[in-house]
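Coordinates in review
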Amino acid sequence: MAEDSVRTTCPYCGVGCGVVVSRTRDGFAIGGDPDHPANRGRLCSKGINLLHTLDDGTRLTEPMVDGRAIGWAGAIAATADRLRHVIDEHGPEAVAFYASGQLLTEDYYVANKLLKGFIGSPHIDTNSRLCMASTVAGHKRAFGADAVPGCYEDLEIADLVILVGSNLAWCHPVLFQRLKAARAERGTKVVVIDPRRTATCEIADLHLPLKPGSDVALFNGLLAQLAETGALDHPFLSNVAGLKAALETAQADVPVAQACGLESDEVATFFDWFTRTPRTVTVFSQGVNQSSQGTDKVNAILNVHLATGRVGKPGATPFSVTGQPNAMGGREVGGLANQLAAHMNPDDPADVDRLRRFWKAPALRGGQGLKAVDLFRAVEDGRIKALWIMATNPAVSLPDSDRVRAALAKCPLVIVSDVVADTDTLRLAHIRLPATAWGEKDGTVTNSERRISRQRPFRPAPGLARPDWWIISEVGRALGWEKAFSYTGPAAIFREHARLSAFENDGARAFHIGGAVRAKYDTLEPFQWPCRKVGQSTARLYGDGRFTTVDGRGAMITVSWQAPRDLPSLRWPVIANTGRYRDQWHTMTRTGLAPRLSGHRSEPLAEVSPRDAAAWNLRDGGLTRVTSPHGDALLRVRVTEDQPPGQVFLPIHWSDSGAARAVVSRLVTGHVDPVSGQPESKYTPVRLEPWVPAWQGLLLARSAMDVSGAVYWVRHHAEGCEVYDLAGDVGLDFAFNGCERIDYSDARRGITRTAWLRDGRLEAALFVGPDRPQVARGWLDKQFATEILRDADRAALLAGQAPSGATDGSRQVCACFGVSLHAIEEAVADGRARTVDDIGRLLRAGTGCGSCVSDIKEVLSQSKPNQAA
Ligand SMILES: Nc1nc2c(c(=O)[nH]1)N[C@H]1C(S)=C(S)[C@@H](COP(=O)(O)OP(=O)(O)OC[C@H]3O[C@@H](n4cnc5c(=O)[nH]c(N)nc54)[C@H](O)[C@@H]3O)O[C@H]1N2
Ligand SMILES: Nc1nc2c(c(=O)[nH]1)N[C@H]1C(S)=C(S)[C@@H](COP(=O)(O)OP(=O)(O)OC[C@H]3O[C@@H](n4cnc5c(=O)[nH]c(N)nc54)[C@H](O)[C@@H]3O)O[C@H]1N2
Ligand code: SF4
Ligand SMILES: [Mo]
């Protein structure tokens, strides 16, 4: 590694890939860290494009109080004074924090300590409530602790991998690549259990498109079958409680075919594979967690693994893949309202006393705080008077989000720490605090396999941005707790956190990193907890049948299938499922800045089956209004066989900052799982109607434009311009002073095309017609980089098409290397490429993260070599 390289960790998904950033003559270069055990040098499209998200121009760079920029001294004083005022007037429990799995462990630790330990309020919860809470609860019920028993290698050495409610290809791409490579080598069987056919099905030997919400019935059916065929592991079960009751209930549960709507031979194949394959790994994610029966779904999965002794053994384990880069770290520091720090329990007086003594925090009280959805209800009804939101965008990501926005709007004190200047949540804040972002931050994160890695800085923070731990500690000191928050840096916080994990811990708490207390923080190598002794790293847990319960026994939990709370009806006939796109991260505050990451899906799509399109009068490429009892959204329609009838898939990424009306959480029900409090984000009955605007348009402009006159708009960043897809009922007019304007209009087809040039250089272009303009988008946005447009290009501009023989205007397929559809088609047409490997060799497409391989296959199957070739 070059001397001026920095080893850090990707700030997106829970795979937790190691990244190397090195200085080049004109900036930085990025690559996967070949020595990091999570990825061994690989990165996905989001990781590869990280440097393109470091745009200081979009950052929040100054603390703001009531809309005024104010230095840190003023901002810290105002924050502390106002919090003190609320505490004095209404008591500590009127204060709440809402944190995030995107904070570093050190930030999170300090936030939790300040609120629970010193302010004395239990009400800190985090966006992990929307993400991992059901798994946390399921783990605790079965194992006695929130601990993932396996590791990534298990996916590579298993003979059968079952992916339940996980679109691994898009959401954990590097882990998907590892699985795919192992499968190619050793013929691993892969089963995907997901109502839709996703990109992950590319490697599936069997896809079970079960009815949404029916997973418990499926796994109960499997448990019954395991017993019937004598596949139970009785020696292992001798140390597991609950088999009899769980099995009886499973045997009496609704028949699989009825609850899941699957073909009986598919189910039989799945059961047979599971029964016969000792080395089975079941990976699960949000199709399991985000359900009103999420915790039971988790335990239904854990039950079949406990019953067969396939827990924490090489290639045989249940495996929850975490979403956020530090969802796990947050769970370790007790960031959830029903946890205390270091895996201690707020309902256990001994634990509360232990933590109180360790922190010297007399204000620490026992008992659980409010969970996310309830927390915002308490803001709504005035019980919570001050809310500090850190590293999350709840106005977009919480269910029933109009209600969340209304609650925030009337909350007397809203403090938001973020890295960018504009988010839907920041718009509702009284105090805005600028935090340092990835590339500037310094600390640790824990990935899905319990591996703790360092994030390290390689660039200066812009303006007055400061680390989250610093901001929180300064407020703690200003509130009078000078000593408890006198940290000199993240290393000191990490050491305290590590000491706490070992404090009076004889093994009763699984989380133990005492062995890292004296490790050199700067050069800390990735390791997996528990780490009791220096240098220890633990790949697997519980394989010996000893669990983290008082008596060491694991537990099978009795679960039975329950229908989701709100079923489809005449009024709300279609089930809305919400989730992720390959190249965007949540509310797009960072991935939205990288032009290449918009190439894959530049607009939010409502994906429906051909049958539903016909039933609801929707046209592929047309627009639809999706309405639920809670809200509505306006989206473009995509008709696809991948989507089962009766269901629509909606992406979670767009906010009011990037689209007119595409916050899909506005639609989502606020129902939660009764055990975990996790919202049912994957199941809301809705209605779909066509929306036929008077016109549709495409605007490309050198700088941001006010397009609020359009009923529908979606913005994305391209290389030299902002791009807006538009639609409306009344025409829009744009003026660009001092520009030459050239027009083309075809009255018969209702098409107009306009370009504005400033001194021969393209300033803006607008295409309007009755339908979505069919223009060469990829070519058009490149014209903004051209100094003086040639005559041929001017003509082509008004035609909306690339001049013949010129550069290409098609959509981008590979986001890692920026390879367009046209380039791939051309390689096929001229006979140079026939296979995915040919394309990789010629164009590099598909060789980065590999997530576009399924797209490339589709192009290959649809394109033919030219006659001549
Ligand atoms: N590209 C990208 N990657 C990400 C993220 C991102 O924003 N973008 N976010 C990260 C985060 S925080 C998370 S939590 C993870 C989430 O990762 P995933 O959980 O893999 O992603 P989702 O798209 O939310 O949902 C997964 C699948 O659940 C299916 N599903 C819906 N209902 C059911 C059901 O009842 N049963 C079953 N079996 N399946 C169902 C959906 O159809 C969907 O395909 O991704 C992480 N990685
Ligand atoms: N309908 C529906 N809703 C969902 C989901 C779903 O599948 N469907 N998924 C849920 C899940 S699993 C998750 S994890 C959530 C995610 O939802 P959010 O957490 O709300 O989404 P993000 O866009 O990741 O928000 C992170 C915010 O923190 C800022 N930020 C980034 N880094 C830092 C930092 O270092 N410090 C500070 N202070 N700020 C920072 C970013 O700019 C951004 O504004 O969404 C949940 N909501
Ligand atoms: S898989 Fe992609 S997003 Fe996830 S950590 Fe690795 S590079 Fe980052
Ligand atoms: Mo998540």
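Everything discussed here concerns the structure shown above.
**Thoughts on helix α2 (residues 72-90)**
The end-to-end C-alpha separation of α2 is 27 Å, in line with the 27 Å expected for 19 residues at 1.5 Å each. Every buried residue of α2 is accounted for by Trp 72, Ala 75, Ile 76, Ala 78, Thr 79, Ala 80, Leu 83, Val 86 and Ile 87. Gly 91 lies just past α2 and shows a positive phi near 90°.

**Side note on the site of ligand 3**
Taken together, the residues surrounding ligand 3 are Cys 10, Tyr 12, Cys 13, Gly 16, Cys 17, Leu 43, Cys 44, Lys 46, Gly 47, Pro 173 and Val 174. Those elements that place two or more of their residues in the shell around ligand 3 are α1 (45-48) and α7 (173-186). Of the residues contributing to the shell around ligand 3, the split by class is 8 nonpolar, 2 polar and 1 charged.

**Brief notes about the site of ligand 1**
In the region of ligand 1, 35 residues are neighbours, and Asp 194, Gly 213, Ser 285, Arg 580 and Gln 584 sit closest. Interatomic distance of 3.5 Å between a backbone N/O atom of Gly 287 and a nitrogen atom of ligand 1. Those elements giving two or more residues to the shell around ligand 1 turn out to be α6 (168-171), α13 (286-289) and β21 (574-579). Split into classes, the residues belonging to the shell around ligand 1 amount to 11 nonpolar, 16 polar and 8 charged.

**Remarks on the environment of Glu 719**
Along the chain, Glu 719 falls in the loop between β28 (712-717) and β29 (722-728). Glu 719 sits 125 residues away from Ala 594 along the chain, and the two C-alpha atoms are 8.5 Å apart.

**Overview of the sheet that holds strand β8 (residues 160-164)**
The sheet built from 5 strands is open, its strands ordered β10-β9-β8-β12-β13 with parallel pairing. Unpaired on one side and paired on the other, β10 (206-208) and β13 (317-320) mark the two borders of the sheet. This sheet shows a mean twist of 15° between the axes of neighbouring strands, independent of strand direction. In this structure, β8 lies alongside strand β9 (residues 189-193), joined through 5 bridges in parallel fashion. When the sheet's bridge partners are listed, Leu 163 is paired in β9 with Val 192. Its contacts with the sheet place helix α12 (residues 264-276) against β8, β9, β10 and β12 (280-284), and it is angled at close to 120° to β10.

Thresholds, definitions, all that
- Residues numbered from 1 in each chain as written.
- Chains lettered and ligands numbered in written order.
- Predicted model: local features only at pLDDT ≥ 70, side-chain atom pairs only at ≥ 80, totals over all residues.
- Heavy atoms only, no water.
- Helix = DSSP H or I, 4+ residues; strand = E, 2+ residues; numbered from the N terminus.
- Expected span 1.5 Å × (residues − 1).
- Buried < 20%, exposed > 50% of the residue type's maximum accessible area, 1.4 Å probe, protein only.
- Near = heavy atom within 4 Å.
- Nonpolar A, V, L, I, M, F, W, Y, C, P; charged D, E, K, R; others polar.
- Polar contact = N/O pair within 3.5 Å; in protein donor to acceptor, adjacent residues only side chain to side chain.
- Pairing = 2+ DSSP bridges.
- Axes fitted to C-alpha atoms, helices over the stretch in contact; angles between N-to-C directions.
- Contact = heavy atoms within 4.5 Å.

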